[in-house]
Amino acid sequence: MAKRRWDSVQIFSAVSLTLIALVIFVPFWNAVVISFETADAYAKHPFSWWPKEFTLGNYKYLLGKGSTLFEAYKGTIIVTVFGTLCEMAISVMAGYAYSRQFPGKRFFFVLLLITMFFGGGLVPTYLHYKNLGLLGTYASVILISLVDVQKIIIMKSSFESIPMELQEAAMIDGATDMTVFAKVMLPLQKPMIATFTLRTMVAFWNTWYWPTLLLNGTNKTVLQLYLKSFVSNLDEEVQASTVFVEGTQFAQGIKMAAVFIVMLPIMAVYPFLQKYFTKGIMVGAVKM
Amino acid sequence: MELQANKKNIWREIWKARYIYLLLAPVVIYLLMFNYAPMYGIQIAFKDFKARLGIWGSEWVGLENFEKIFSTPTAIHAILNTLRISFGRLAFEFPMGIVIAVLLTEMPGKKVKKAYQTLFTFPHFLSWVVVGTLLRNFLASDGAINQLITSMGGESVRFLGTESLFRPMLYLTSNWKSMGWEAIIYMAAIAGIDTSLYEAAEIDGASRLQRIWHITLPGIKVTVVVMLILAVGGIMNSGFDQIFNLKNTMVYDAATTLDIYVYDLTFTGVPDYSFSTAVGLFKTIINLILMLTANKVTSMITGEKMFG
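Just so you know, these numbers come straight off a predicted model, no measurement behind them.

> What is the right way to look at the overall build of chain B in this model?
The number of helices and strands found in chain B is 17 helices and two strands. For chain B, whose C-alpha radius of gyration is 26 Å, the value lies well above the compact-globule estimate of 19 Å for 308 residues. Dimensions of chain B along its principal axes, counting C-alpha atoms only, are 75 × 65 × 30 Å. For chain B, with 308 residues in total, the buried portion stands at 49%. A fraction of 64% describes how many contacts in chain B between residues 6 or more apart in sequence connect residues 24 or more apart.

> What is the right way to look at the interface of chain A and chain B in this model?
In this complex, chain A contributes 95 residues to the contact, which on the side of chain B involves 91 residues. Of the roughly 8500 Å² buried at the junction of chain A and chain B (both faces included), carbon and sulfur atoms supply 79%. With a closest N to O distance of 2.7 Å, R208 of chain B and D7 of chain A form a salt bridge. Along the contact surface separating chain A from chain B lie 16 residue pairs in polar contact (both at pLDDT 80 or more). The biggest single contributor to the side of chain A that touches chain B is helix α1 (residues 8–35) of chain A, with 19 residues. Across the side of chain A that touches chain B, the residue classes break down as 70 nonpolar, 19 polar and six charged.

> So what exactly am I meant to see when it comes to the domain arrangement of chain B here?
Note: interface size is frequently given as the accessible area lost on complex formation between the parts. All names here are of chain B. Segmenting chain B into domains produces domain 1 (2–60) and domain 2 (64–302). On a C-alpha basis, the centroid separation for the pair domain 1 and domain 2 is 36 Å. Taken together, the contacts link seven residues of domain 1 with seven residues of domain 2. Carbon and sulfur atoms make up 70% of the area that domain 1 and domain 2 hide from each other, which totals about 560 Å². Three residues stand out in domain 1 for area buried against domain 2, namely I44, A45 and F49, and they jointly supply 65% of the buried area on that side. At the junction of domain 1 and domain 2, the tally comes to five residue pairs in polar contact (both at pLDDT 80 or more).

> Just checking my understanding: could you explain the side chain of N146 of chain B for this structure?
Residue and element names in this part refer to chain B. Secondary-structure assignment places N146 in helix α9 (residues 144–151). Residue N146 is classed as buried on the basis of its relative accessible area, which comes to 1%. Within the structure, the side chain of N146 is placed 2.8 Å from the backbone nitrogen of V157, a separation counted as a polar contact.

> Looking at this model, I keep getting lost on the nonpolar core. Mind explaining?
The nonpolar side chains of a soluble globular protein tend to be buried with one another. Ranked by internal contacts, the top residues of the largest apolar core, which has 181 residues, are L17, L62 and Y98 of chain A together with V27, F120 and F166 of chain B. The dominant element in this core, judged by the number of residues it contributes, is helix α10 (residues 163–191) of chain B, at 14 residues. Leave out the neighbours within four places in its chain, and V27 of chain B touches I90, A94, Y98, V147 and I152 of chain A.

Rules and cut-offs
Residues numbered from 1 in each chain as written. Chains lettered and ligands numbered in written order. Predicted model: local features only at pLDDT ≥ 70, side-chain atom pairs only at ≥ 80, totals over all residues. Heavy atoms only, no water. Helix = DSSP H or I, 4+ residues; strand = E, 2+ residues; numbered from the N terminus. Rg over C-alpha atoms; globule rule 2.2 N^0.38 Å. Buried < 20%, exposed > 50% of the residue type's maximum accessible area, 1.4 Å probe, protein only. Contact = heavy atoms within 4.5 Å. Buried area = accessible area lost by both parts, 1.4 Å probe. Salt bridge = Lys/Arg side-chain N within 4 Å of Asp/Glu carboxyl O. Polar contact = N/O pair within 3.5 Å; in protein donor to acceptor, adjacent residues only side chain to side chain. Nonpolar A, V, L, I, M, F, W, Y, C, P; charged D, E, K, R; others polar. Domains from an automatic or database assignment. Core = buried A, V, L, I, M, F, W, Y, C linked by side-chain atoms within 4.5 Å.

Here it is as structure tokens:
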């Protein structure tokens, strides 16, 4: 094919998108570079494209004695694995149930919808978890975000888009609703389930607000919580000028090392799984 | 006779649907235990909550806590600041998704386009704790941007530590994190436009700009309107996660929104559970009205309700 010349709109879009790409990319790259830099080199060349004096000092400090990073990783993995399993199971079952006709459907659906607009609010919810004795448990972190109404509604419409005849045919063959659900409907919904599983995992991986309150004052922690308290502790130490800059490691470097380690798993999988992430929002968009 | 037959029918219907109820049971139990049960605590908004007396034992005070909202300058400031930030977001964040979508559609080069899309959508999947730490460092007085400014002879800027700059920085950092993701919805809408329209326009000699203006933008109009209404419906939420992770003591006024205010009331200083619950309830009710209105307007436009 003959190469056509780009017109001005194409040039404009390519140039402006490249600028935006740089603006998004540079802070990430800057963080990675700083995390591998020594304090001296950073003092001389604060903005460089490559570590001038490569070191693992910042990472060593981060993983050094008294570090709760592994605890935090453990906590996040527990919450992510069990949270995703439970949420997906509950939501898929609910999504399928709501896609069917049964006595009282309207009532049960309104029961679900109301929670989208109205809830106990911050203090009553917190007190409720306290009264149930759930404070300081990973279970509380999972429970607080176990049901996402929007997710269930999208699943409901996804199940509804499968022709009824398919289910009826199986029913005539003597299958129960349970068998139809497990043997006919679930296999057909694999792409939708894959998308939602990924997004649920990311949501649990990133959870920080409720863990801040629910795990407060206990030895349990999750990654985001760890990052937040680690950074603010470090800032306090810097302000109190406790000596910890020792030739190689330095505050910014250690902070960026922490950021890098916390976002590494998502960074590692995202480019390969991107299309599954995007598919989810398409489903949501179409259903609007 | 007939009534009895009907009654029997209902029981038969219910029995027939027994497995459906079984599948529904977990979510219903969850909703009752963790969404509806905490609602009994809302009564403390109408009480003078004392931890030692408990929720039931505390004294009723009527609407005192709600009246207090309108006689507390900080509360009024928080409400107004929330609205100000929300309108700022509508003006400076909402259009960006559309802009990115149109630019990506027009940009030639399939591979680069794909790579850009991956990069643009990636930050959306990071928490504000990560993004906040990253950007605070990047924008700090000794961070990369300021080093660049000072090395060129400029004066260092406190991007996140200046009241007047804090709100614009909110829009900027929010765009940094999410505009690529917002664009995907519009990309899908653009992909749904009939390609023969573009071919016909090309034959008629329409320029690319004319095609964008007369085909692309009208083609995604409904999506834009729906997204806009949704955004207006959420106007009382001003992005707690972002503000909480970017704020500092230097920008107290600019950073105090309703959500932040409720959080501060509850967890800092001498906690005032009753007042904070009242402020939260006030926000929830306004949100409820806005969302229901948004739902109504959207269903009028698209002929389809969002929520059942």
